[in-house]
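What follows is the residue order along each chain.
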Amino acid sequence: MVSQTLASDILILGSGGAGLFAALHAHKAAPDLSITVAVKGLLGKCGCTRMVQGGYNVALAKEDSIERHFMDTIEGGKWLPDQDLAWQLVTLAVERIRELENELGCFFDRNPDGTVHQKAFAGQTFDRTVHKGDLTGIEIVNRLAEQVWARNINRLEEHRAVELIKAKDGKSVSGVLFVDMRTGGYVFVRAKAVLLATGGGPTMYKYHTPSGDKSCDGLAMALRAGLALRDMEMVQFHPTGLLAGTHTRMTGTVLEEGLRGAGGYLLNGAKERFMPRYDPKAERATRDDVSRAMFSEMLKNNTSPHGGLYISMAHLGPDRVAREFKGMVERCADCGFDLAGGLVEVVPTAHYMMGGVEFRPDCTTGLPGLFVAGEDSGGVHGANRLGGNGVANSTVYGAVAGDVMARWVQSAPPGEPDTAAVVAAISILEKPFERAASGSLEAFRENLYDIMWHKVGIIRDAAGLVQAARELAALETALDAHGLGDHNRAFNLTWHDWMNLKSLVAVSRAITAAAIAREDSRGAHFRSDFPQAGPLESSAFTSIRADLQVSMKPVAFTRVRPGQTLLKNVA
Ligand SMILES: Cc1cc2nc3c(=O)[nH]c(=O)nc-3n(C[C@H](O)[C@H](O)[C@H](O)COP(=O)(O)OP(=O)(O)OC[C@H]3O[C@@H](n4cnc5c(N)ncnc54)[C@H](O)[C@@H]3O)c2cc1C
């Protein structure tokens, strides 16, 4: 059934910031190795790194420090981040931003004195976000892609990874099974080292920001391969997703944080400002707090015509808004809204997964030969990711993974692939073709959206979560019985949609189980039946495997304990 078998020393899944940095670093460390980047879309044109608007957090300014960036990350993450991972993030971000500028060709915005301009982002005590206007991700990914194209690095585009294949003895990874989306044929790529960099992406929620190619495939494959995922209950919602009705894919996309930062107001259905009632920082509070306040207003049914709320900027002066937020004004106008002078409907939108595969600072995982980096990994951000720390995470850890894999493959034992596992994986993927057509998948997707939005969303409780767990299990069973009635495999988007839903439901079940297990409220996870954060000193993170059993593991405070700081001169 496998139509093509290939081999590569290093195989990288995904071409976002993590995947591309890994490829470049592995190639630099060992140019003779064969390196392959396999990606569901087109290299350089897919994933969320390209969508980064705001920018990249890094302590560059004299008055800033990596200690300050670290403390902001730990406190923002409500003391749940792995401190060694967070420390490595803030220290290596400095190297990566220099590499991006000086070796890879990125141009970031500069001050008149020639220093790199750094802007303010919520939840940080210093203006440290490096950017290129509000199109930072396009600059980064374009330059990275050009560098990859210029080197002897293989590309498998429109190749969807569907299963991690272990060696026969089960002790290491031996390669990855793919569907070549253009033909529908199965391709097996044998590899000594595999990097999981498929970028998570909470697209199981009714409103979401990530690109359409992201459906948690990597996390679902990791679960099936027996790996543990941590912090899965921590799903970040961005407060201002555009809400323009179901007919447009613009619904759910982000209106940037700078609107609130500049002094924008959030209004309820009665056009009243409500944030000061919830938080002294009002609209400038962190994403988790603003999203929760918005959702609370929505629960009172005091909503805009599409069931959300409004953002209002007009009091800042329409000319200023049009000048400072040109891109946002145009985006809103495309959907019939006047951002500069009127009201725009908004809704909190699922943006980022703090949870992911448990890993060590060198990107190794519980499965020898399998490495992880970027949004597929868990532990760097704890309960809440600071805006600007996402692209820093993917580039920092992508580079680490590339360096480490280049060394690893020199001594990696050649694992003989478990061909029975390949056959078993294919047999599951073929099942929908063996059954008669059973209708559109749209109802499944809408059902998933509703379960996750209402019961596993911004405000949770035990009754809703337990009900969601039951409904998701039933949804999985129904999906397993679904038939396509269409035997054409080439670019069969319905088949791929079925696979997307399979991954999303599997990962949604993990999110739900972890949310049931965490009986407190931290950062992105809020339980109305357990509204307190609980003692920080005994902070623990959730760890879940494919059987959906959750264990609580203590956070090791390796650098700083709650109540302490690494900053000097702080009272
Ligand atoms: C609209 C938006 C704005 C953002 N703005 C910011 C910001 O200003 N600052 C910030 O720090 N962060 C921001 N983020 C978050 C940031 O984009 C992510 O944290 C980061 O880019 C993730 O990088 P990654 O390499 O892990 O994943 P991605 O860049 O998403 O790349 C994932 C790759 O995996 C591929 N893939 C997926 N599934 C498969 C499969 N089965 N087989 C093969 N390939 C697969 C995808 O096609 C893609 O190439 C933003 C996110 C969004 C959605």
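Residues numbered from 1 in each chain as written. Predicted model: local features only at pLDDT ≥ 70, side-chain atom pairs only at ≥ 80, totals over all residues. Heavy atoms only, no water.

**Student:** Before we go on, may I ask you to explain the sheet that holds strand S4 (residues 118-119) in this structure?
**Tutor:** One key point about sheets: their strands pair by backbone hydrogen bonds, in either a parallel or an antiparallel sense. Spatial strand order, S3-S5-S4: 3 strands in an open sheet with antiparallel pairing. Bordering the open sheet on either side are strand S3 (56-57) and S4, each of which pairs with just one other strand. Where S4 meets strand S5 (residues 129-130), 2 bridges bridge the pair, whose relative direction is antiparallel. Of the residues in S5, the one forming a bridge with Gln118 is Val130. (Pairing = 2+ DSSP bridges. Helix = DSSP H or I, 4+ residues; strand = E, 2+ residues; numbered from the N terminus.)

**Student:** What am I meant to see in the packing of helix H12 (residues 419-434) against helix H15 (residues 493-517) here?
**Tutor:** To characterise two packed helices, one gives the angle between the axes of the helices and the distance between these axes. Remark: H12 packs on H15, axes separated minimally by 11 Å, with the N-to-C direction vectors making an angle of 130°. Looking at the two axes, H12 sits oblique to H15. Where H12 crosses over H15, the two elements pack in a sense that is right-handed. Contacts between H12 and H15 involve Ile428, Leu429, Glu430, Pro432 and Phe433 on the former and, on the latter, Trp495, Trp498 and Met499. (Axes fitted to C-alpha atoms, helices over the stretch in contact; angles between N-to-C directions. Parallel < 35°, antiparallel > 145°, perpendicular 65-115°, else oblique. Left-handed = near helix turned anticlockwise from the far one by under 90°. Contact = heavy atoms within 4.5 Å.)

**Student:** Honestly, the state of the cysteines in this entry has me stumped. Any pointers?
**Tutor:** Disulfide: a covalent bond formed between the sulfur atoms of two cysteine residues. Scanning all chains against the criterion turns up 0 disulfides. The cysteine Cys48 is free of any disulfide, with Cys46 supplying the nearest cysteine sulfur at 9.8 Å. Note on Cys363: no disulfide assigned, nearest cysteine sulfur contributed by Cys48 at a separation of 19 Å. (Disulfide = S-S within 2.5 Å.)

**Student:** What am I meant to see in the site of the ligand here?
**Tutor:** Every one of the 39 residues lining the ligand counts as a neighbour, but Cys48, Thr49, Asp213, Lys214 and Asp217 are closest to it. Between Cys48 and the ligand, the recorded distance is 2.7 Å, taken from a backbone N or O atom to an oxygen atom. Interatomic distance of 2.5 Å between a side-chain N/O atom of Thr49 and an oxygen atom of the ligand. Among the secondary structure elements, those contributing two or more residues to the shell around the ligand are helix H1 (17-29), strand S2 (35-39), strand S7 (159-166), strand S14 (343-353) and helix H11 (389-411). The dominant element in the shell around the ligand, judged by the number of residues it contributes, is H11, at 4 residues. Of the residues assigned to the shell around the ligand, the class counts are 12 nonpolar, 20 polar and 7 charged. (Near = heavy atom within 4 Å. Polar contact = N/O pair within 3.5 Å; in protein donor to acceptor, adjacent residues only side chain to side chain. Nonpolar A, V, L, I, M, F, W, Y, C, P; charged D, E, K, R; others polar.)

**Student:** Explain the pairing of strand S9 (residues 185-196) to me, please; I cannot follow it from the model alone.
**Tutor:** On a regular strand, each side chain points to the face opposite its neighbour's, so the side chains alternate between the two faces of the sheet. Counting buried residues in S9 gives 10 out of 12 residues, a clear majority hidden from the surface. Both strand S1 (residues 2-13) and S9 contribute to a ladder of 10 bridges, which runs parallel. Looking across to S9, one finds that Ala7 is bridged to Arg190. As paired strands, strand S8 (residues 173-180) and S9 are joined by 6 bridges and run antiparallel to one another. Paired with Leu177 across the bridge in S9 is Phe188. In this antiparallel pair of consecutive strands, S8 and S9, the connection spans 4 residues, and Gly184 shows a positive phi of 85°. For S9 and strand S16 (residues 370-372), the ladder comprises 3 bridges, and the chain directions are parallel. Its bridge partner lying in S16, Leu195 is registered against Phe371. (Buried < 20%, exposed > 50% of the residue type's maximum accessible area, 1.4 Å probe, protein only.)

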